Amino acid sequence: MFFVAFLGIYPVNRTPTLTVLISGRGSNLIALHERASNYRIGLVISSNSAAQGLVWAAQAGVPSQVVERGTFPSLAAFKAGVLDAVLRSQPDVVALAGFMVVLQPEFSEAFGGRLINIHPSLLPRLPGLDTHQRAIASGETEHGCTVHFVDSGVDTGPRIAQGVVPVLPGDDAAALAARTLAVEHSLYPWVTASLVRGGVQLAEGRVRYDAQAVREAHERGFRIFV
Ligand code: GAR
């Protein structure tokens, strides 16, 4: 059992688990749960005890844990506390889903090619906050979302896949955000399932896709980086 787990091959009869980190609404968390095909969510960790996503987790019977800045003496101790909580959950994959905390480098070192994030822009365009408003203000004609492996930067790391939406005349930030979010909800579960399946891998800093992942991305209209 130990060797099997060490080699990263999932033992027969054990469904791979995901630890999902949130800070708020949790709509991507819900999509990850509802569209889970080959994994299950083992734990939700929230940096905010008032997060709406925690209410959903309680109702859905998904275990959750709050790790809040206010209960730690320093920012560094808080971030170490987040890492400790994730390590204790022994996840196969860690998914950041609206987690508004910049993680320390130890995090990506611990989880390497098993740590992913979703960001509401076509990275490397528009990292950071207010992406929808900024897309409109800068006259972008296309916008969307990116799922990427997490490295030590903010909204950086090798891109796995993107969902693209048009920016339409008359769009405001709310309309563009809603159009983008709908695509997030299909993109993130698909990338997660592909990663769990081994169809998407991080190798020497580059993303590799198997033939099934390439075909499925094409069928679903997702942009990948072959
Ligand atoms: C999502 O739009 C996600 O892409 C974004 O936060 C939102 C969370 O919504 N993430 C980032 O901005 C990370 N840089 P949700 O809580 O309903 O999933």
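Everything that follows concerns the structure shown earlier in this document.
Cut-offs used in this document
- Residues numbered from 1 in each chain as written.
- Predicted model: local features only at pLDDT ≥ 70, side-chain atom pairs only at ≥ 80, totals over all residues.
- Heavy atoms only, no water.
- 1 Å grid on protein atoms, 1.4 Å probe; cavity = no way out; pocket = protein on both sides within 12 Å on 5 of 7 lines; lining within 4 Å.
- Points joined across faces, edges and corners; volume = space filled by probe spheres on them.
- Helix = DSSP H or I, 4+ residues; strand = E, 2+ residues; numbered from the N terminus.
- Nonpolar A, V, L, I, M, F, W, Y, C, P; charged D, E, K, R; others polar.
- Core = buried A, V, L, I, M, F, W, Y, C linked by side-chain atoms within 4.5 Å.
- Buried < 20%, exposed > 50% of the residue type's maximum accessible area, 1.4 Å probe, protein only.
- Contact = heavy atoms within 4.5 Å.
- Pairing = 2+ DSSP bridges.
- Near = heavy atom within 4 Å.
- Polar contact = N/O pair within 3.5 Å; in protein donor to acceptor, adjacent residues only side chain to side chain.
- Areas by Shrake-Rupley, 256 points an atom, 1.4 Å probe, with all protein chains shown as cover.
- Sits in = over half its atoms within 2 Å of the grid points.
- Phe/Tyr/Trp six-rings, centres within 6.5 Å; stacked < 30°, edge-to-face > 60°.

(A) Up close: the layout of surface pockets. Space inside the largest pocket adds up to approximately 820 Å³. Considering the residues around the largest pocket, the lining is formed by 36 residues, among which Gly98, Phe99, Met100, Ile118 and Pro120 are closest to the centre. When contributions to the lining of the largest pocket are tallied by element, the ones reaching two or more residues are helix H2 (27-34), strand E5 (115-119), helix H6 (131-137) and helix H7 (173-197). A total of four residues in the lining of the largest pocket trace back to one element, the largest contributor, which is H7. Residue classes in the lining of the largest pocket are distributed as 16 nonpolar, 15 polar and five charged.

(B) A look at the nonpolar core. Counting 43 residues, the largest nonpolar core has Ile116 and Ile160 as the members making the most contacts within it. Each residue touching Ile116, except ones within four places of it in the same chain, is listed here: Val93, Val94, Ala95, Leu96, Val147, His148, Phe149, Val150, Ile160, Tyr188, Thr192 and Leu195. Within the second largest apolar cluster, 18 residues are counted, among which are Ile45, Phe78, Val101 and Leu115.

(C) Just the sheet that holds strand E10 (residues 223-224), in detail. Pairing is mixed in the open sheet, where eight strands are placed in the order E3-E2-E1-E4-E5-E6-E7-E10. The open sheet has two edge strands, strand E3 (64-66) and E10, and neither has a second partner. With two bridges connecting them, strand E7 (residues 159-166) and E10 associate as antiparallel partners. Considered in E10, the bridge of Ala161 is made with Ile224.

(D) Looking closely at the side chain of Thr19. With respect to the secondary-structure elements, Thr19 resides in strand E1 (residues 17-22). Take Thr19: its relative accessible area is 1%, and that puts it in the buried class. Once residues lying within four places of it in the same chain are set aside, the contact partners of Thr19 are Leu43, Ile45, Val86, Ser89, Pro91, Val93, Val94 and Ala95.

(E) Summary view of the pairing of strand E9 (residues 206-209). Taking every second residue as pointing to the same face, the buried face of E9 carries Val207 and Tyr209, while none of Arg206 and Arg208 on the other face is buried. Here strand E8 (residues 200-203) pairs with E9 via four bridges, running antiparallel. The partner of Ala203 across the bridge, within E9, is Arg206. The hairpin formed by E8 and E9 contains two residues between the paired strands, and Glu204 there has a positive phi angle of roughly 50°.

(F) Molecular detail of the site of the ligand. Looking at the ligand, the residues that line it are Arg25, Gly26, Ser27, Asn28, Gly98, Met100, Ile118, His119, Pro120, Asp155, Leu181 and Glu184. With respect to the ligand, the backbone of Ile118 contributes an N or O atom lying 3.5 Å from a nitrogen atom. At 3.2 Å from a nitrogen atom of the ligand is found a side-chain nitrogen or oxygen belonging to Asp155. When the ligand sits alone it has 450 Å² of accessible area, and the protein chains cover 89% of it. Assessed atom by atom at 2 Å from the grid points, the ligand resides in the largest pocket. Contributions of two or more residues to the shell around the ligand are made by H2, E5 and H7. Of the residues belonging to the shell around the ligand, the class tally is four nonpolar, five polar and three charged.

(G) Looking closely at H2. Buried within H2 are the following residues: Ser27, Asn28, Leu29, Ala31 and Leu32. The elements touched by buried residues of H2 are E1, strand E2 (40-46), helix H3 (52-60), strand E4 (93-96), E5 and H7.

(H) Fine view of the packing of aromatic side chains. With the rule as written, the count across this model stands at three aromatic pairs. Between the aromatic rings of Phe72 and Phe78, the centroid separation amounts to 5.9 Å while the plane-to-plane angle is 55°, which identifies the pairing as tilted. Considering the side-chain rings of Phe107 and Phe111, the 5.6 Å spacing of their centres and the 45° angle between planes classify their relative orientation as tilted. Here Phe111 and Phe107 lie together in helix H5 (residues 105-111), a separation of four residues that amounts to about one turn.

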